[in-house]
Amino acid sequence: MLAQHRTQKGNFGSLIAAFLRHERAFSVGSKPYIKLDIDWRDDEKVVRLEDDFGKSYLIDWVGMMCLMSRFDGCVDLSDRSIQRIVVREMRKRLNSVKKSIEAFASVGLIDKGAWERSELVMSERSLKDAEAKRKRRQYALEASEAAAEARRRKREESVP
């Protein structure tokens, strides 16, 4: 279905919607979502990506943002098992995925040095979002443990 959308010119919103609708594996917590600002296409780096490489690279960028979120801010493409996941999720051959990543690096969407040195796909934003996600998870875990402890104490106090 996504390939069918890719061939159509114009309705970019339907491309993104189709991509996100069919990519249920991308999730943060229990809900499939990524943090995507409403004006993400106005970012000068994204504008340069579209101008220099075309609209199809925007779809790849959204997919890569999903993958960076899934892998806690950093996708390690030097790992063969991660490569297989990325190829499957991006629905492209590895060479095509790497070509897209090189485009992202060339416009500054990802850390060019990390990509060229170690095949790591990450950005300052993806790492920041991953850290915020870890903190939310940790806070929720601590709150849950505290509530469980409070319930346990209350049960112990109520026993005659």
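Details of the structure are given in the entry above.
What counts and how
- Residues numbered from 1 in each chain as written.
- Predicted model: local features only at pLDDT ≥ 70, side-chain atom pairs only at ≥ 80, totals over all residues.
- Heavy atoms only, no water.
- Polar contact = N/O pair within 3.5 Å; in protein donor to acceptor, adjacent residues only side chain to side chain.
- Helix = DSSP H or I, 4+ residues; strand = E, 2+ residues; numbered from the N terminus.
- Phe/Tyr/Trp six-rings, centres within 6.5 Å; stacked < 30°, edge-to-face > 60°.
- Buried < 20%, exposed > 50% of the residue type's maximum accessible area, 1.4 Å probe, protein only.
- Patch = residues over 30% accessible without salt bridge, like charges linked within 9 Å, V, L, I, M, F, W, Y side chains within 5 Å.
- Areas by Shrake-Rupley, 256 points an atom, 1.4 Å probe, with all protein chains shown as cover.
- Salt bridge = Lys/Arg side-chain N within 4 Å of Asp/Glu carboxyl O.
- Lys, Arg positive; Asp, Glu negative; His and termini not counted.
- Charge placed at Lys NZ, Arg CZ, Asp CG, Glu CD.
- Axes fitted to C-alpha atoms, helices over the stretch in contact; angles between N-to-C directions.
- Parallel < 35°, antiparallel > 145°, perpendicular 65-115°, else oblique.
- Contact = heavy atoms within 4.5 Å.
- Nonpolar A, V, L, I, M, F, W, Y, C, P; charged D, E, K, R; others polar.

Here we look at helix H3 (residues 44–53)
For H3, the N-terminal cap is Asp43; the gap from its side-chain oxygen to the backbone nitrogen of Lys45 is 2.7 Å. Just downstream of H3 lies Gly54, where phi reads positive at about 105°.

Re the packing of aromatic side chains
According to the stated counting rule, one finds two aromatic pairs in the structure shown. Measuring from ring centre to ring centre gives 5.3 Å for Phe53 and Tyr57, while their planes differ by 40°; the resulting arrangement is tilted. A relative accessible area of 10% means that Tyr57 is categorised as buried. Each ring, one from Trp61 and one from Phe104, has its centre 5.1 Å from the other, and the planes form 65°; the classification is edge-to-face. Note that Trp61 is positioned in helix H4 (residues 56–70) and Phe104 in helix H6 (residues 94–107), a separation of 43 residues in sequence. Pair check on accessibility: Trp61 and Phe104 agree, each one buried.

Quick look at a negative patch on the surface
The grouping of Asp39, Asp42, Asp43 and Glu44 at the surface amounts to a negative patch. Summarising the element assignment, Asp43 is placed in the loop between helix H2 (12–22) and H3.

Thoughts on the pattern of salt bridges
Across all of its chains, the model carries 13 salt bridges by this definition. Notably, a salt bridge pairs Glu119 with Lys98, separated by 3.0 Å at the nearest N-O pair. Placement of the pair is Glu119 in the loop between helix H7 (112–118) and strand E2 (120–122) and Lys98 in helix H6, with a sequence separation of 21 residues. The exposure class assigned to Glu119 is partly exposed, which follows from its relative accessible area of 22%. Arg125 is the salt-bridge partner of Asp129, the closest N and O atoms lying 3.0 Å from each other. Note that Asp129 and Arg125 are positioned in helix H8 (residues 124–158) at a spacing of four residues, about one turn of the helix. By relative accessible area, which is 33% here, Arg125 ends up partly exposed.

Overview of the packing of H4 against H6
At a closest axis distance of 10 Å, the pairing of H4 and H6 adopts a crossing angle of 90°. On the basis of their axis angle, the class for H4 and H6 is roughly perpendicular. When H4 is examined against H6, the residues Tyr57, Asp60, Trp61 and Met64 are found in contact with a partner set consisting of Val97, Lys99, Ser100, Ile101, Ala103 and Phe104. Class assignment of the residues belonging to the contact of H4 with H6 gives a composition of seven nonpolar, one polar and two charged.

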